[in-house]
Amino acid sequence: MFLGGTLDCTAFKITEDKSFKQTYEATGDALGGTNVDSAFLEFLDQVFGKPVMDFARTNQPSDWLKLLVNFDLAKRSVRNKAEDRMNIEIPYGIHEAVRDFTGKKLADHVRDAGIAGLRCQSGSIVLGHEAIQNIFKKAIDGIITHMKTLMDAPELDNIDYVLMVGGFSASMILQDAVREVFKYRAQVLIPHDATLSVLKGAVLFGHNPRIVTSRIARLTYADGTAEKYDPIKHGESRARVVITDRGERQSKIARTWVKRGDTIHIGQVIEFSLVPSESNKKVMTHYLYSSEKKEVEYTDE
């Protein structure tokens, strides 16, 4: 399971020769650490007001970027303990925006907002345990829901390990949530440096691409062909019929080579032949198509 800006999940089987065989197609969604960033920005909208934050984003871009960097650094230090505190330095430009819009200093505005678990200290905002949990909640709930759906698939009924890599995998809040939900189902493994594990894996794969012996196709792949038009087979609609020197031809027929969910082995080759649509053609353009559908009849579906 790769967790950075997005969530990407798949399943592999370790074979007898220590190579890997993919057993389930990769799935995922925008459920990674960037969702935590979005929740933090929504929290700031609640604290300071959306007009203030929109103004800072548009007119103080360097301070806005610094704010995001400060939050990214702070969220990595959260240990998922009741005594957790997240200290986020607020850049000077945002202090100015708050004062211009509200007529108050940032510290006074935070105090008057009366939001539980939030206070101001030396130009920074400090979030308590409850506020931190609320910011992480949406992202983690989405990840857990996605994983539960996958684990219910018949193909994944014998999972022994869940391996978490990527930047967001370093989050103790996420690690504890995954371990709690799946503690009776699989052992959860997190490398010491989960952030760099993806890069290291890519380097190792580059040195030995045969370590993965097969993969599951995420898409259906086909090319477009034409055949003699048959109203019984192709239907009464003639929207795809073209006239050639070979007669009426039903065009845009998808000739499928790989279906979504098929196993593709390393070094596997698929051969096909082509015939020009007209006998006097000297140049032929050929297209390949992909689709998220497993079954595809026409290339324009």
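Structure's up top.
Residues numbered from 1 in each chain as written. Predicted model: local features only at pLDDT ≥ 70, side-chain atom pairs only at ≥ 80, totals over all residues. Heavy atoms only, no water.

Regarding unusual backbone geometry
Of note in this structure, Lys 18 is not a glycine but carries a positive phi near 70°. Turning to its location among the elements, Lys 18 is positioned in the loop between strand E2 (7-14) and strand E3 (20-29). Note on Lys 18: relative accessible area 61%, which makes it exposed. Look at Ser 122: it is not a glycine, yet its phi comes out positive at around 50°. Within the element layout of this structure, Ser 122 appears in the loop between strand E5 (118-121) and strand E6 (124-127). Under the relative-accessibility criterion, Ser 122 is labelled exposed at 76%. (Helix = DSSP H or I, 4+ residues; strand = E, 2+ residues; numbered from the N terminus. Buried < 20%, exposed > 50% of the residue type's maximum accessible area, 1.4 Å probe, protein only.)

Thoughts on the sheet that holds strand E10 (residues 220-228)
Strands in a sheet are paired, the pairing made by backbone hydrogen bonds, and the direction either parallel or antiparallel. Pairing is antiparallel across the open sheet formed by 4 strands, whose spatial order is E11-E12-E10-E14. Both outer strands of the open sheet, strand E11 (241-244) and strand E14 (288-291), are each paired with one neighbouring strand and no more. Across the sheet, the mean angle from the axis of one strand to that of its neighbour is 45°, orientation sign disregarded. Relative to E14, E10 runs antiparallel, the two sharing 4 bridges. Residue pairing for E14: Tyr 221 is matched across the bridge by Ser 290. (Pairing = 2+ DSSP bridges. Axes fitted to C-alpha atoms, helices over the stretch in contact; angles between N-to-C directions.)

As for the packing of aromatic side chains
A full pass over the atoms with the stated rule returns 6 aromatic pairs. Look at Phe 40 and Phe 71: their rings are 4.0 Å apart centre to centre, the planes differ by 5°, and that puts the pair in the stacked class. Pair noted here: Phe 40 is in helix H1 (residues 33-48) and Phe 71 is in helix H3 (residues 61-76), with a separation of 31 residues, a long-range link. Since its relative accessible area comes to 0%, Phe 71 is described here as buried. Note on Tyr 287 and Tyr 289: the rings are 6.5 Å apart at their centroids and 50° apart in plane angle, and the pair reads as tilted. Exposure remark for Tyr 287: the relative accessible area of 53% places this residue in the exposed category. Directly above the ring of Tyr 298 sits Arg 240, whose terminal nitrogen or CZ lies 3.8 Å from the centroid. (Phe/Tyr/Trp six-rings, centres within 6.5 Å; stacked < 30°, edge-to-face > 60°. Lys NZ or Arg CZ within 6 Å of the ring centre and 35° of its normal.)

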